[in-house]
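Listed below, chain by chain, are the residues.
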Amino acid sequence: MKPIQYFLFSFLSLLGLATQAQLTSPNTATANRLVLDLTGAQAYAEQNLSTVRNANADINIQLSKADETRARNLPKVTASADIRNNFQLATILFPLPSSAGGAGNGELTPVQTGTRWNFTAAAEVTQNILDLSNKGERAINTAQLRYAEIQKEVTVQNLKLAVAKAYYAVLLNKEKLKLATDDKLRKSVLHTDAQNKVAQGQGMATDTLKSGLNLKNAYLLQLQSSDALALSLRYLGQQIGAPEQTEIIVSETLDSKRNLVARPRSLTEDTATFRAKPEYRAEQQQIMIAEAQRRKISYQYLPTINAYGYYAGQAFRQDLDFLDTRRSFYPVGYLGIKANWTIFDGFQKKAQDRQQLLSQAKSEATMLSLRQSIAYDRANALNAQTNAARNMTYQQQNLRLATTLYDQARLRVRQGQALQQEVTDAEYTLRQTEQLYLQSVYDYLVAELDYKKATSF
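Reference entry: report on the structure contained in this document. (Residues numbered from 1 in each chain as written. Predicted model: local features only at pLDDT ≥ 70, side-chain atom pairs only at ≥ 80, totals over all residues. Heavy atoms only, no water.)

1. Some details on the packing of aromatic side chains
1) Next: Under the defined criterion, the tally for this structure stands at 6 aromatic pairs.
2) Next: Measuring from centroid to centroid gives 5.9 Å for Phe 316 and Tyr 330, while their planes differ by 40°, and the two rings are tilted. Placement of the pair is Phe 316 in strand E8 (residues 304-317) and Tyr 330 in strand E9 (residues 330-340), with a sequence separation of 14 residues.
3) Next: By relative accessible area, Phe 316 is classed as partly exposed at 33%.
4) Next: Under the relative-accessibility criterion, Tyr 330 is labelled partly exposed at 46%.
5) Next: Seen in terms of ring centroids, Phe 344 and Phe 347 are 5.3 Å apart; in terms of plane orientation they differ by 90°. Their pairing is edge-to-face.
6) Next: Assessed through its relative accessible area of 55%, Phe 347 is described here as exposed.
7) Next: The structure contains a cluster of three or more aromatic residues connected by ring pairs, namely Tyr 308, Tyr 310 and Tyr 334.
8) Next: For the cation-ring pair, Arg 317 lies above Phe 329, with the distance from its terminal atom to the ring centre recorded as 5.5 Å. (Phe/Tyr/Trp six-rings, centres within 6.5 Å; stacked < 30°, edge-to-face > 60°. Helix = DSSP H or I, 4+ residues; strand = E, 2+ residues; numbered from the N terminus. Buried < 20%, exposed > 50% of the residue type's maximum accessible area, 1.4 Å probe, protein only. Lys NZ or Arg CZ within 6 Å of the ring centre and 35° of its normal.)

This is the structure:
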């Protein structure tokens, strides 16, 4: 196949791929196929990964605990029914006179009490009037709910970072496969050129052998690039929680990300401080939880007051005939208010309070360590981002230069002003520079992710 045919074939193939990409929605899904951009991949992961579902479950648990605490101030009503068979009645001794049927003469007379069957139906109501420990419990619920929300924020942040890195790895490998395909076409053209030179008596047979070997290596590199792309797609699927047999297609290219490359940043641009970091805020919430626990413990030293009421109907029968409405039921009922006040608990609450103080001290030490770690991470991320931006700028310049050298070498060879080896060397340099440039774009995108995470943007 002649060079013009190769270029025509390559152009038509790329045109078909571009048309297909335009007809494909950025985020679509079928039973076994997902087409996603970065935002769609992160949203899919947030919906499907168990780590986010578990974080949501923790939030719902805290909401349920808050409902439980509120329920303690509502009245409690219980109903009960009791049926009893007194198969052996109790006996009491009374000093009954003989005129009343007793033994008389000061002797005690045995008297059986009660009936064989007793039935009681009752309702009991209790109402909390004063228990300040419930107020402390509500404060604990609020602090724990906020802590669960911050933990979810950390989970989602880490998830998005992991998905973005996996997604960019797919873009990199996708671009590497494209370059490997283009490289194979270039080497095929060079091999054809070398064959034509030999046929015209203008080249050496060794040039054909070298170009043929380079073509085989380019074919092997294309296969390796295809395998690397498939593996990175599988890893992306694992990161977003896609089913095992799902085909994942990314709708973007690394070329589309090149325009996003910005100037190097500086820490003076950051409006966020270490206090904005979710890890730091989580430790602050731990301190607030401990403080709420201490308040609850202190409230437990105060008295509690409860109101209660009881009402029942009782029936006493010698026979099992409680359904007989002609016979009497005897009502009983009472109302009361009860106060409880713990005078001495063996220093139990004091020990609990000390535990919370130690927990606070532990969180404060962790916060200090986090401040130092966050400051280092921000400086390190800034340095990595600055170096990545500078390296990418250099690689852009090198790529333009390598492309120019390759074009000039091909022109010189066709004009008979240089050997085929010059084209081979220029093509090798161009391929290496393309790989370095792609890697620099990927490194910059990853450095941007790490920078944003470190600065809480």
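Now that the structure has been shown, the text picks up again.
2. Re the packing of helix H3 (residues 50-71) against helix H4 (residues 133-199)
1) Next: Two elements in contact, H3 and H4, have axes whose closest approach is 9 Å; the angle formed by their N-to-C orientations is 170°. The angle between H3 and H4 places the two elements in the roughly antiparallel class. Mapping the contact onto sequence places Thr 51, Val 52, Ala 55, Asn 56, Asp 58, Ile 59, Gln 62, Leu 63, Lys 65, Ala 66 and Thr 69 in H3 and Asn 134, Glu 137, Arg 138, Asn 141, Gln 144, Leu 145, Ala 148, Glu 149, Lys 152, Thr 155 and Leu 159 in H4. (Axes fitted to C-alpha atoms, helices over the stretch in contact; angles between N-to-C directions. Parallel < 35°, antiparallel > 145°, perpendicular 65-115°, else oblique. Contact = heavy atoms within 4.5 Å.)

3. Section: the environment of Ala 90
1) Next: Structurally, Ala 90 can be placed in the loop between strand E3 (76-85) and strand E4 (91-94).
2) Next: For the pair Ala 90 and Thr 115, spaced 25 residues apart in the sequence, the C-alpha separation amounts to 9.6 Å.

4. Side note on the sheet that holds E3
Strand-to-strand pairing in sheets goes through backbone hydrogen bonds, with the strands running parallel or antiparallel.
1) Next: Taken in spatial order, the 4 strands line up as E3-E6-E8-E9 in an open sheet, and their pairing is antiparallel. The sheet is open, and its two borders are formed by E3 and E9, each paired with just one other strand. The sheet shows a mean angle of 15° between the axes of neighbouring strands, taken without regard to direction.
2) Next: Relative to strand E6 (residues 117-130), E3 is paired through 10 bridges, and the arrangement is antiparallel. Directly across from Ile 83, in E6, lies its bridge partner Phe 119. (Pairing = 2+ DSSP bridges.)

5. Examining empty space enclosed by the protein
The probe, sized like a water molecule, is rolled over the atoms to show the empty space still left.
1) Next: Scanning the entire structure with this criterion turns up 4 cavities of 30 Å³ or more.
2) Next: Computed from the structure, the largest cavity encloses a volume of approximately 50 Å³.
3) Next: What lines the largest cavity is Lys 187, Leu 190, Ser 211, Asn 214, Thr 424 and Glu 427.
4) Next: For the lining of the largest cavity, the elements supplying multiple residues, two or more each, are H4, helix H5 (205-240) and helix H9 (420-454).
5) Next: Class assignment of the residues belonging to the lining of the largest cavity gives a composition of 1 nonpolar, 3 polar and 2 charged. (1 Å grid on protein atoms, 1.4 Å probe; cavity = no way out; pocket = protein on both sides within 12 Å on 5 of 7 lines; lining within 4 Å. Points joined across faces, edges and corners; volume = space filled by probe spheres on them. Nonpolar A, V, L, I, M, F, W, Y, C, P; charged D, E, K, R; others polar.)

6. A few points about the nonpolar core
Soluble globular proteins tend to bury their nonpolar side chains together.
1) Next: Among the nonpolar cores identified, the biggest contains 46 residues, and Val 163, Tyr 167, Tyr 168, Leu 236, Ile 240 and Leu 254 are the most heavily contacted of them.
2) Next: Mapped onto this core, the elements with two or more residues apiece are strand E2 (33-36), helix H2 (38-48), H4, H5, strand E7 (247-250), helix H8 (348-414) and H9.
3) Next: The leading source of residues in this core is H4, at 14 residues.
4) Next: Of all hydrophobic cores here, the second largest spans 6 residues; its members include Tyr 280, Ile 287, Leu 370 and Ile 374. (Core = buried A, V, L, I, M, F, W, Y, C linked by side-chain atoms within 4.5 Å.)

7. What to know about the packing of H4 against H8
1) Next: Two numbers describe how H4 lies on H8: the axes approach to 12 Å, and their chain directions differ by 15°. Overall, the two elements H4 and H8 adopt an arrangement that is roughly parallel. Here H4 and H8 pass one another in a crossing that is left-handed. Across the interface between the two elements, Arg 186, Val 189, Leu 190, Asp 193 and Lys 197 from H4 touch Tyr 406, Arg 410, Val 413 and Arg 414 from H8.
2) Next: Here the contact of H4 with H8 is composed, by residue class, of 4 nonpolar, no polar and 5 charged. (Left-handed = near helix turned anticlockwise from the far one by under 90°.)

From the geometry alone we can't say anything about function, so treat these as descriptive.
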